[in-house]
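# Observations on the model geometry
The primary structure of each chain is shown beneath.
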Amino acid sequence: MSTTSNFVVPNTVTLHRAFPNPFNPFSKVPYTVDIGQNINISVYDIRGRQIDNLVNHYHAPGNYMTSFYGNNISSGIYFVTLKHKDGMQTQKIVYTK
């Protein structure tokens, strides 16, 4: 008897497009991790100030998702930044009230 698995190990760390974007009241942030490592995902305002830290811990390889809630922020442009051992990736998100 043979079995197959649908699990595919990613070959890079990737910050995928947040959805919905623009968002209200929250946006989901999907990402993939290729090898076990610490992942940090933070949200910054247009002035570069960190307003939230969504993720900061070790991840095994796989697909993940976190959420950002805009309950205590003003409408505007924000940046989601994923930092990993080899660099970082950033994307713009827009909060509308």
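Provided above is the structure to which this section pertains.
In this text the structure is predicted, and so the values were computed from the model without any measurement. (Residues numbered from 1 in each chain as written. Predicted model: local features only at pLDDT ≥ 70, side-chain atom pairs only at ≥ 80, totals over all residues. Heavy atoms only, no water.)

### Structural notes on the nonpolar core
Soluble, globular proteins show a tendency: their nonpolar side chains are buried together. Here is the rule we go by: Nonpolar cores were defined as sets of buried Ala, Val, Leu, Ile, Met, Phe, Trp, Tyr and Cys residues, with membership established by side-chain atoms within 4.5 Å. Burial classes: relative accessible area under 20% of the type maximum marks a residue as buried, over 50% as exposed, and values in between as partly exposed (1.4 Å probe, protein chains only). Segments assigned H or I by DSSP are reported as helices when at least four residues long, segments assigned E as strands when at least two residues long, and all are numbered from the N terminus. Residues count as neighbours in contact if any of their non-hydrogen atoms are within 4.5 Å of one another.
Ranked by internal contacts, the top residues of the largest apolar core, which has 19 residues, are Y31, I39, I41, F68, V80, L82 and I93. When residues of this core are traced back to their parent elements, those giving at least two are β2 (26-33), β3 (37-44), β4 (50-59), β6 (76-84) and β7 (87-95). Those residues in contact with V80, other than ones at most four positions away along the chain, are L15, V29, I41, S42, V43, Q89, T90, Q91 and I93.

### Side note on the pairing of β6
Rule in force here: The pairing criterion is simple: DSSP has to find at least two bridges between the two strands.
Relative to β6, β3 runs antiparallel, the two being bridged by five bridges. In the sheet register, Y44 faces β6, and the bridge partner there is F79. Of the strand pairs in this sheet, β6 and β7 are connected by nine bridges, and their pairing is antiparallel. What sits directly across from K83, in β7, is M88. The turn joining β6 and β7, which pair antiparallel and follow one another in sequence, is formed by two residues.

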